[in-house]
Amino acid sequence: MIKVTVWNENRHEKKNPLVGEIYPDGIHGAIAGFLKEAGYEAGTATLDEPEHGLTDEVLNHTDVLIWWGHLAHGEVQDEVVQKVQQRVLDGMGLIVLHSGHFSKIFKALMGTSCDLKWREADEKERLWVVAPSHPIAAGIGEFIELEKEEMYGEHFDIPAPDELIFTSWFEGGEVFRSGCTFTRGNGKVFYFRPGHETYPTYHNKDIQRVITNAVKWAQPVDRNRPVYGNAQPLEKIAAK
């Protein structure tokens, strides 16, 4: 069974009654809930727990880590970020959601500012599937339509994705690369744009399906990890 840890800073839920009403168990609880229904072993971790809930024990038993953050990116300890980054390089999958684009861990893995345009105006978002054969898009139609969402617009300052799965259009005219995959070391990374805290985005069945698919895609590959450093020859080296 795939083991998932859903990380959320859990600040909006405490500060904004509307967010608490939409997600009474927190954004992390909502995501963990539908992942459990899909058959995954899903736990949660939050910012204010010791080591942000991401102890060595938790990380070592996590196949895929899901990350949602916004208000408190700067409060995440660099030591924890480094541990998460190493786990990704070692093979753990990472799914970064919405405003997690500005998280320390996503910036560390991308090596760029990860900046973008944004606007909160209750706009319709239409996420077009541009890679219909990709497993992350399994079970999704030509597009996902969200009645209200926060706009993110290009230019999105990230490296060119390995694969682009979704491209969003917004009522105001902007477009955005909303579903991007990357490989880093032995690990897989998926960035998925929707999920502003004041909208019930994570209750949408298509959004849930994408995240569920992404967990399966991002799970570690079952293989022996490469060995790095000085190596003995496989064959006898004849002296010249």
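Now for a look at the structure at hand. (Residues numbered from 1 in each chain as written. Predicted model: local features only at pLDDT ≥ 70, side-chain atom pairs only at ≥ 80, totals over all residues. Heavy atoms only, no water.)

Once that is clear, we can look at unusual backbone geometry. In this model, Glu154 is joined to His155 through a cis peptide bond whose omega is 15°. Within the secondary structure layout, His155 lies in the loop between β6 (143-153) and β7 (163-170). Although it is not a glycine, Asn10 sits at a positive phi angle of roughly 60°. Residue class for Asn10 comes out buried when judged on its relative accessible area of 14%. (Helix = DSSP H or I, 4+ residues; strand = E, 2+ residues; numbered from the N terminus. Buried < 20%, exposed > 50% of the residue type's maximum accessible area, 1.4 Å probe, protein only.)

So, on to the environment of Asn186. The topology assignment puts Asn186 in the loop between β8 (175-184) and β9 (187-192). Not counting residues up to four positions away in its chain, the partners in contact with Asn186 are Val88, Leu89, Asp90, Gly91, Arg223, Arg225, Pro226 and Tyr228. (Contact = heavy atoms within 4.5 Å.)

This next bit is on the side chain of Glu13. Residue position: Glu13 is located in helix α1 (residues 12-15). Among buried charged residues, Glu13 stands out as having no salt bridge; its nearest opposite-charge side chain is Lys14, 8.1 Å away. Among the polar contacts listed, one links the side chain of Glu13 to the backbone nitrogen of Ile27, at a separation of 2.9 Å. Once residues lying within four places of it in the same chain are set aside, the contact partners of Glu13 are Asn8, Val19, Gly20, Tyr23, Gly26, Ile27 and His28. (Lys, Arg positive; Asp, Glu negative; His and termini not counted. Salt bridge = Lys/Arg side-chain N within 4 Å of Asp/Glu carboxyl O. Polar contact = N/O pair within 3.5 Å; in protein donor to acceptor, adjacent residues only side chain to side chain.)

Remark: the centre distance and the inter-plane angle together describe each pair of aromatic rings, the angle taken between the planes. Under the definition given, this model contains 10 aromatic pairs. On the basis of an interplanar angle of 70° and a centroid distance of 6.3 Å, the ring pair of Phe106 and Phe182 is categorised as edge-to-face. Pair noted here: Phe106 is in helix α6 (residues 104-110) and Phe182 is in strand β8, with a separation of 76 residues, a long-range link. Looking at Phe182, the relative accessible area reads 1%, which means it is buried. Linked through ring pairs, Phe106, Tyr152, Phe156, Phe176, Phe182 and Tyr191 together constitute an aromatic cluster. Lying over the aromatic face of Phe143, Arg126 brings its terminal NZ or CZ to 5.4 Å of the ring centre. (Phe/Tyr/Trp six-rings, centres within 6.5 Å; stacked < 30°, edge-to-face > 60°. Lys NZ or Arg CZ within 6 Å of the ring centre and 35° of its normal.)

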